[in-house]
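The lines below spell out each chain.
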Amino acid sequence: MNLLIAALGVLGVASSGPLIAGTLGATSVTALAIAFWRNAIGAVVMAGPVVIREPKAFGRITRREFGWSAVAAVALAFHFACFITALQLTSVAAATALVCLQSGWIAVFQLIRGTRHRWPVLVGLGIAFGGVVAITGFDMGSSPEALLGDLLALAGGALAGLYTLAGGKARQSMGTGTYTTLCYGMCAAIVAVMALFSGQPLTGFDAGGWLGIIAITVCAQLVGHTAFNHLLATMSPLLVSMIILLEIPGAAILAAIFLNETLPAGTYAGLALILVGLAVVVSGQRRGRPVADRREAELGAD
């Protein structure tokens, strides 16, 4: 059963990039509309069980919990804006791999704050960011748009790292349902303001556009992330984190099959370097953590 759930989780998160790229390319849906509706729908879905089981949970949110949730929501909103826009400019495979550097960015932020990582983490960071150089180098030679998309995806990965760190602070005393409802809800509100100022509509799309939005929300937000959250109760966080990394080759394969996306051999080499490097980073981080810290998972945000 865990194998089946893991497979569904990988398919869910790996489908995010191809589904977003396909929806943006074939319909009038805007980037911020996708970010708004997947978070708004996610907040409503997550709020239901909380309201039924703990109707007073939202009234018990402290100022500290609200503050960290707000920081996470801001980071998540700009993460989606960067990642979804990147998918319009560069390949699905490159954007997904670069945004999946979340675990690497978390290690970098910890280094800046004075954390001393074990040597495998540093080696893994070097390998992963070597993959970034390979991908951006090839895209620099292909088009300025592709390079801009790479940079936006890279920024999206850093913002996802901030989202995870802030969410970890909030979840020290908050339940998963309460936190995700609050964070997703605030994220949707922030994205709505961004859409207002940028002139991107959030409604008025054709049936195909709404179908794409629903597919993205169900596959990536509800099926993918819910599956991995379930696996955390029965599998080690290290194994779950490793399984999540399959999103990188998964997105590349789905983009090749359904979007006919082909990439230079050097770009595929960069994807492989990022995948291997992140696996080393995740493994190195987990081995050095005390047992009490091993329940916090960097599940990503795509």
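Procedures and definitions
- Residues numbered from 1 in each chain as written.
- Predicted model: local features only at pLDDT ≥ 70, side-chain atom pairs only at ≥ 80, totals over all residues.
- Heavy atoms only, no water.
- Helix = DSSP H or I, 4+ residues; strand = E, 2+ residues; numbered from the N terminus.
- Expected span 1.5 Å × (residues − 1).
- Buried < 20%, exposed > 50% of the residue type's maximum accessible area, 1.4 Å probe, protein only.
- Axes fitted to C-alpha atoms, helices over the stretch in contact; angles between N-to-C directions.
- Parallel < 35°, antiparallel > 145°, perpendicular 65-115°, else oblique.
- Left-handed = near helix turned anticlockwise from the far one by under 90°.
- Nonpolar A, V, L, I, M, F, W, Y, C, P; charged D, E, K, R; others polar.
- Patch = residues over 30% accessible without salt bridge, like charges linked within 9 Å, V, L, I, M, F, W, Y side chains within 5 Å.
- Areas by Shrake-Rupley, 256 points an atom, 1.4 Å probe, with all protein chains shown as cover.
- Salt bridge = Lys/Arg side-chain N within 4 Å of Asp/Glu carboxyl O.
- Contact = heavy atoms within 4.5 Å.

Asks: Can you break down helix α9 (residues 176–198) residue by residue, with the values?
Replies: For α9, spanning 23 residues, the distance from its first C-alpha to its last is 32 Å, which sits close to the expected 33 Å at 1.5 Å a residue. Within two residues after α9, Gly199 carries a phi angle of roughly 75 degrees, on the positive side.

Asks: Any chance you could break down the environment of Ser283 for me, citing the residues and the numbers?
Replies: Of note, Ser283 is situated in helix α13 (residues 265–287). Look at Ser283 and you get buried, because its relative accessible area is 11%. Counting along the chain gives 185 residues from Ser283 to Leu98, while the straight-line C-alpha distance between them is 19 Å.

Asks: Which residues make up unusual backbone geometry, and what values do they have?
Replies: Positive phi outside glycine occurs at Asn260, with the angle close to 55 degrees. Structurally, Asn260 is set in the loop between α12 (247–258) and α13. Relative accessible area serves as the criterion here: at 63%, Asn260 is assigned to the exposed category.

Asks: Break down the packing of helix α4 (residues 63–86) against helix α8 (residues 144–170) for me, citing the residues and quoting the values.
Replies: Two numbers describe how α4 lies on α8: the axes approach to 7 Å, and their chain directions differ by 160 degrees. As judged from the angle between their axes, α4 and α8 are roughly antiparallel. Along this stretch, α4 crosses α8, giving a crossing that reads as left-handed. Within the contact of α4 with α8, the residues separate by chemical class into 17 nonpolar, 6 polar and 3 charged.

Asks: Break down a nonpolar patch on the surface for me, with residues and values.
Replies: A surface patch of nonpolar side chains, about 560 Å² in accessible area, is lined by Met1, Leu4, Leu8, Ile214, Val218 and Val223. Elements that contribute at least two residues to the nonpolar patch include exactly α1 (2–14) and α10 (207–231). A per-element tally of the nonpolar patch places α10 first, with 3 residues. Within the secondary structure, Leu4 sits in helix α1.

Asks: Could you give me a rundown of the packing of helix α2 (residues 16–26) against helix α3 (residues 31–53), with the residues and numbers involved?
Replies: Two elements in contact, α2 and α3, have axes separated by 10 Å at closest approach and are oriented at 130 degrees. Looking at the two axes, α2 sits oblique to α3. The crossing of α2 and α3 is right-handed. Contact residues: α2 offers Ser16, Ile20, Thr23 and Leu24, while α3 offers Ala31, Ile34 and Arg38. Considering only residue class, the contact of α2 with α3 consists of 4 nonpolar, 2 polar and 1 charged.

Asks: Give me the environment of Leu125: which residues, what numbers.
Replies: One can find Leu125 in helix α7 (residues 119–142). On the basis of relative accessibility, which here comes to 8%, the residue Leu125 falls in the buried class. Separated by 24 residues in the primary sequence, Leu125 and Leu101 place their C-alpha atoms 9.3 Å from one another. With residues up to four places along the chain from it excluded, the contact list for Leu125 reads Gly104, Ala107, Val108, Leu111 and Val281.

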